[in-house]
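Topology and contacts: notes
Each chain, letter by letter, is given below.
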2 protein chains.
Amino acid sequence: MADQLPSRSENFSEWYNTIVQRADLADYGAAKGTMIIKPYGYALWENIQTYLDKRFKKHGAKNAFFPTFIPLSYIQREKEHVEGFTPNLWLVASGGGETLEEPYAVRPTSETTINMTVRNWIHSYRDLPLLLNLWNSCFRYELRTRLFLRTSEFLWQEGHTFHASWDEANEYALAILTDAYLDFYANAAAMPSLAGRKSEKEKFPGADITYTLEQMMGDGRALQGCTAHNLGHNFAKSFDIRYLDRGNELQYAATASWGLSTRAIGAILMTHGDDKGLLMPPRIAPTQIVIVPIFGKHADPAPVLAAAKQLARELADYRVEIDARDDKSPGFKFNDWEMRGVPLRIEIGPKDIEKNQVVLARRDTGEKKFVSNAELLAQVAQTLDSIHDTLYARAKKFQDDHTFSVDTYAEFQARTAGEGGAGFLMAHWCGNRECETAIQQETKATIRCIPFVQTKEAGKCIRCDGASQERVVFAKAY
Amino acid sequence: MADQLPSRSENFSEWYNTIVQRADLADYGAAKGTMIIKPYGYALWENIQTYLDKRFKKHGAKNAFFPTFIPLSYIQREKEHVEGFTPNLWLVASGGGETLEEPYAVRPTSETTINMTVRNWIHSYRDLPLLLNLWNSCFRYELRTRLFLRTSEFLWQEGHTFHASWDEANEYALAILTDAYLDFYANAAAMPSLAGRKSEKEKFPGADITYTLEQMMGDGRALQGCTAHNLGHNFAKSFDIRYLDRGNELQYAATASWGLSTRAIGAILMTHGDDKGLLMPPRIAPTQIVIVPIFGKHADPAPVLAAAKQLARELADYRVEIDARDDKSPGFKFNDWEMRGVPLRIEIGPKDIEKNQVVLARRDTGEKKFVSNAELLAQVAQTLDSIHDTLYARAKKFQDDHTFSVDTYAEFQARTAGEGGAGFLMAHWCGNRECETAIQQETKATIRCIPFVQTKEAGKCIRCDGASQERVVFAKAY
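Being a predicted model, the structure only gives us computed values, none of them experimental.

**Examining the pattern of salt bridges**
Residues and elements named next belong to chain B. If you walk through the whole model with that rule in mind, you get 76 salt bridges over all chains. Close ionic contact of Asp-179 with Lys-58 constitutes a salt bridge, the shortest N to O distance being 3.3 Å. Placement of Asp-179 in helix α6 (residues 166-187) and of Lys-58 in helix α2 (residues 39-58) is noted, with a sequence separation of 121 residues between them. A relative accessible area of 24% places Asp-179 in the partly exposed class.

**Quick word on the interface of chain A and chain B**
On the side of chain B, 51 residues touch chain A, which itself brings 50 residues to the contact. Taking both partners together, chain A and chain B bury about 4200 Å²; carbon and sulfur atoms supply 63% of that area. Where chain A touches chain B, the interface holds eight salt bridges. Notably, a salt bridge pairs Lys-62 of chain A with Glu-321 of chain B, separated by 3.6 Å at the nearest N-O pair. Here chain A and chain B share 20 residue pairs in polar contact (both at pLDDT 80 or more) between them.

**With respect to the relation of the copies chain A and chain B**
Relative to chain B, chain A is turned by 180° and slid 0.0 Å along the rotation axis, the superposed coordinates differing by an RMSD of 0.0 Å. Such values leave the two copies arranged in the relation of a two-fold axis. It is Val-92 of chain A whose C-alpha, among those of chain A, lies nearest the rotation axis, at 2.1 Å.

**Considerations on the packing of helix α1 (residues 12-22) of chain B against helix α8 (residues 263-271) of chain B**
All names here are of chain B. Between α1 and α8, the shortest axis-to-axis distance is 11 Å and the interhelical angle comes to 120°. Classified by the angle between their axes, α1 and α8 sit oblique to one another. Where α1 crosses over α8, the handedness of that crossing is right-handed. For the pair formed by α1 and α8, the contact residues are Phe-12, Trp-15, Tyr-16 and Val-20 on the first element and Gly-266, Leu-269 and Met-270 on the second. Split by residue class, the contact of α1 with α8 holds six nonpolar, one polar and no charged.

**Overview of helix α13 (residues 409-416) of chain A**
Residue and element names in this part refer to chain A. Tyr-409, Phe-412 and Thr-416 are the residues of α13 that are buried. In a view along the axis of α13, the buried residues occupy a sector of 55°, so they form one face of it. Opposite the buried face of α13, at more than 90 degrees from it, the exposed residues are Ala-410 and Ala-414. Among the structural elements, β21 (424-428), α14 (433-443) and β25 (471-475) are those in contact with the buried residues of α13. Just past α13, the residue Gly-418 takes up positive phi, approximately 80°.

**Regarding the sheet that holds strand β19 (residues 368-372) of chain B**
Residues and elements named next belong to chain B. With respect to topology, five strands assemble into an open sheet ordered β16-β15-β17-β18-β19, the strand pairing being mixed. Both outer strands of the open sheet, β16 (320-322) and β19, are each paired with one neighbouring strand and no more. Averaged over all adjacent pairs, the angle separating strand axes in this sheet is 25°, with direction ignored. In this sheet, β19 lies alongside strand β18 (residues 357-362) in antiparallel orientation, the contact comprising five bridges.

**Thoughts on the domain arrangement of chain A**
Size of an interface, as often reported, equals the accessible area lost when the parts are brought together. Residue and element names in this part refer to chain A. Looking at chain A, the domain boundaries give domain 1 (12-271), domain 2 (289-387) and domain 3 (403-475). Summarising the inter-unit geometry, the C-alpha centres of domain 1 and domain 2 are found 40 Å apart. Domain 1 puts six residues into the contact, and the matching count from domain 2 is four residues. A buried area of about 460 Å², summed over both sides, lies between domain 1 and domain 2, and 52% of it is on carbon and sulfur atoms. On inspection of domain 1 and its partner domain 2, the count reaches one salt bridge. Between the two partners, domain 1 and domain 2, sit three residue pairs in polar contact (both at pLDDT 80 or more). Put simply, the parts of the chain that give the side of domain 1 that touches domain 2 at least two residues each are α1 (12-22) and α2 (39-58).

**A short note on the side chain of Thr-416 of chain A**
Residues and elements named next belong to chain A. Tracing the backbone shows Thr-416 in helix α13. Given the relative accessible area of 4%, Thr-416 is considered buried. Setting aside chain neighbours within four positions, we find Thr-416 in contact with Ala-422, Leu-425, Thr-443, Ala-445 and Lys-476.

**Considering the environment of Asn-88 of chain B**
Residues and elements named next belong to chain B. Note on placement: Asn-88 falls in the loop between α4 (79-85) and β5 (90-95). Here Asn-88 falls in the partly exposed class, since its relative accessible area comes to 22%. In this structure the C-alpha to C-alpha distance between Asn-88 and Phe-370, which are 282 residues apart in sequence, comes to 55 Å. If we skip the residues at most four places from it in the chain, Asn-88 touches Phe-139, Arg-140, Tyr-141 and Glu-142.

**Considering the environment of Lys-456 of chain A**
Residue and element names in this part refer to chain A. Positionally, Lys-456 belongs in the loop between β22 (446-451) and β23 (459-460). Judged by its relative accessible area of 60%, Lys-456 falls in the exposed class. Along the sequence, Lys-456 and Ser-165 sit 291 residues apart, while their C-alpha atoms lie 29 Å from each other. Not counting residues up to four positions away in its chain, the partners in contact with Lys-456 are Gln-469 and Glu-470. Separated by 2.5 Å, the side chains of Lys-456 and Glu-470 make a polar contact.

**Observations regarding unusual backbone geometry**
Generally, phi is negative for residues other than glycine and the peptide bonds are trans, each holding for most cases. With an omega of -10°, the peptide bond between Leu-128 of chain A and Pro-129 of chain A qualifies as cis. Relative to the helices and strands, Pro-129 of chain A resides in the loop between α5 (111-118) and β7 (130-139). One non-glycine residue, Asp-24 of chain B, lies in positive phi territory at about 60°. Classification of Asp-24 of chain B as partly exposed rests on a relative accessible area of 28%.

**Considering the pairing of strand β5 (residues 90-95) of chain A**
In regular strands, side chains alternate between the two faces of the sheet. Sheet topology note: the β5 of chain A/β5 of chain B ladder contains five bridges and is antiparallel. Bridging from a neighbouring strand, Trp-90 of chain A pairs with Gly-95 of chain B of β5 of chain B. Pairing between β5 of chain A and strand β6 (residues 98-106) of chain A: four bridges, direction antiparallel. Counted as the bridge partner of Val-92 of chain A is Tyr-104 of chain A from β6 of chain A.

What counts, and where the lines are drawn
Residue positions are counted from 1 within each chain, in the order its sequence is given. Going through the entries in the order they are written, you letter the chains from A and number the ligands from 1. In view of the model being predicted, local features appear only for residues whose pLDDT reaches at least 70, and side-chain atom pairs are presented and counted only at 80 or more, with totals across whole chains, interfaces and linings using the full set of residues. Processing note: side-chain calculations cover all non-hydrogen atoms of the structure and skip hydrogens and water entirely. What makes a salt bridge here is a side-chain nitrogen of Lys or Arg within 4 Å of a carboxyl oxygen of Asp or Glu, nothing more. The helix and strand labels rest on DSSP assignments: H or I over at least four residues marks a helix, E over at least two residues marks a strand, and numbering proceeds from the N terminus. Relative accessibility thresholds used throughout: buried, under 20% of the residue-type maximum; exposed, over 50%; partly exposed, between the two (1.4 Å probe, protein chains only). Residues count as neighbours in contact if any of their non-hydrogen atoms are within 4.5 Å of one another. When two components associate, each loses some accessible surface as probed by a 1.4 Å sphere; the sum of these losses over both components is called the buried area. Contacts described as polar in this section are N or O atom pairs within 3.5 Å, which, within protein, must combine one atom able to donate a hydrogen with one able to accept it, while residues neighboring in sequence count only if both atoms come from side chains. When the copies are overlaid, the least-squares fit takes in C-alpha atoms only where the residue has pLDDT of at least 70 in both copies. Axes here refer to lines fitted to C-alpha atoms; in helices the fit is confined to the stretch in contact. Angles between the N-to-C directions go from 0 to 180 degrees. Should an angle lie under 35 degrees it is considered roughly parallel, over 145 roughly antiparallel, and from 65 to 115 roughly perpendicular; all remaining angles are considered oblique. In this scheme the crossing of two helices becomes right-handed for a clockwise turn of the near helix relative to the far one and left-handed for an anticlockwise turn of less than a right angle. When residue character is reported, Ala, Val, Leu, Ile, Met, Phe, Trp, Tyr, Cys and Pro are called nonpolar, Asp, Glu, Lys and Arg charged, and the others, Gly included, polar. Arc, as used here, means the arc of the directions from the helix axis to the C-beta atoms. At least two DSSP bridges between two strands are required for those strands to pair. As used throughout, domain bounds are those supplied by an automatic or database domain assignment.

Here is the structure:
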């Protein structure tokens, strides 16, 4: 038998590190801080891509490709941007044995190279909006890495859109946040999100406003699930992107950018699961159903395997695996697939074949029941939906149970003490960066977002007693 | 009116360079030799990906991700491999301001890094075959570049598979060549291929055998459309990949790799087309149908636009664009979409609405006909299929017309003289690399492949009169 899995409830961090590798999702690459995504992990990413890509296209975005190498001078063109990204750049110094005159940065994000190009594509209001999205690799030098959560190279999509006005850029960023990302997390990943905007300190280097979805992981830490930035006229001015409006006047364009990365996989893994292992949300699970044929000790395995294959054909609309390994017991297989988080298991043995039935076993509740062949398709559809709903409800309850209104710094410090997560701490803040920095230094909690939805309420900053008009959300975060 | 397009028949090279940019397929990036793929070009790539990905999965391959940065020492591990790739490597020298102890190569191909990893995944015969595929960016320093054909970074898929025996690796490489690539080119891209194996000189560095599909471009030059390599035990020995067989004996695995890149886009563009512009094969065309509403000078445009939108809804199974630009004439639009190669155009005006009909115009033949609304769906399906067939037949005829059996070196030299393409030259060759190199130096023609299908026939080497058992295919190639 395999080594015992660390307990999720007692040692969340160990549980995560162990299960990502044991479930064959990912492993470390040879180059510093890089990640290999194995087929089981990559299939999850493909399902995320498929879901999101449709949503982006519904919003008019078109996919394109921009080179991985970006002249360093491009990145240096937007002041805040260069300060934000320089410490994490990977640099290419030579090609074909020749030293480059100017080193290339390996894509930390594509705002600069896209803006430098697109300025030549935009002439009049007829060329706007221009809505681009890229699926690619992103490179940021990291010293402390963790699979899916922080690696020196990760996969993501980066949307870059060009609009006639600041308001339109803002509206588009918000539409992607809610109608693509929030929808994806809720309806595909079975995860609730807290939507809001970032503080000035936490926003994207070069943005006017950064919008974010924050999620709560199983240890009470926050994770930023994605961001959408209204870049206002900042990049358009740095890169001189202007267009002739309907009145034939030259105007600066406004731009937005928005991204979601393989970090979302980490978020999904850390939201769902238990001491037995992972729990994949059914709609994007790499394997939705595993069929385990129960051969019986003395019976002929052939008819059972044939019945399993017939079942798989009937379930062709789902992502199905048959576990026909001949050197593993059913009990081993059950544990193995539970560890990998496959939401639904179907068991079929000689007696079930006789009775025209199978056993359906849910990963979320452990419930097992007999289902007749006639009812199979309806029951499978209904059970997968029910698992989705259960996962969402559990995650929502966990988030609610770990969201606290905090009104004194003493309580704030008590809640953030120790190594674990602190939940979402709803507290008043004066709006000053100094206070925000001090709170972070003293408690390791950062402002995750200023939420869109809350009861507006005047109060006093948790740390300095300065005036505040609304609560912000603090948390210890990944 | 836009500048005249260079004539495809008179100046093929100019035609290609101009149309790739004018049709908004791609442009050069800022970093040396890199390429920006614009939405129209990228959509073609997405359609190629979708088609191939299904075929690969049907053959059991699973997608995964391996890091872009590869320690240089990995690449140096396979002798032929390092010789083949070193001249074209891009090197990363620093990250986060720190100089790396060992530079990283930016992925020129992933054999080495995959083998170094997968050796730990393979223990027994139960772990084989292991069938991986990667969709990623590939980096090779190039001095002379051309959009889609040769760039310092391109997109591709690279399959890497691990097998129990040399024969099985060989069989898999051949299955991908014929059942994925050949099928794709014939049934999606409307292109005939010449299938065969490479000479020792032309094979992949580290392969036992390289299989290839060679296609003939519109100027009589050859293009290598993809390759599949039987790597035999070469990489398994260099990277010590062994498994316990059924008899509990340690055996070296055998490996294969296979790839198709964005070069395929170049091949498609250079196979189909005419002096008016591109001609996209209907099954993977980014836009299959363009609807041009004909507003008429004094009529109300609203009902025509509404009818065009209704048409688009009825054709929702296709990739459809409506060209509703209000500052362009129908004639301009017709030329524009013909230049971009959209296979089918539908025109609809006030009179057509009255008569419950539309005009269908084929890009390949120029034929226009009225079609009643009732017959529209059937006619569209049939016409797109017919365009596919026409394109394939034209390309096949062109290939046949430009394939020559050549029996004297004088004729060989005459056919390869000058700047243009020479077609496929079927000639006898002694099998010696010296002769092959001399022929290349003297005529610029290389051996494209030793074709699978041909009449076996003894003869004498075209250059040295040495004995030969079969003809090989020479061509001037991209």
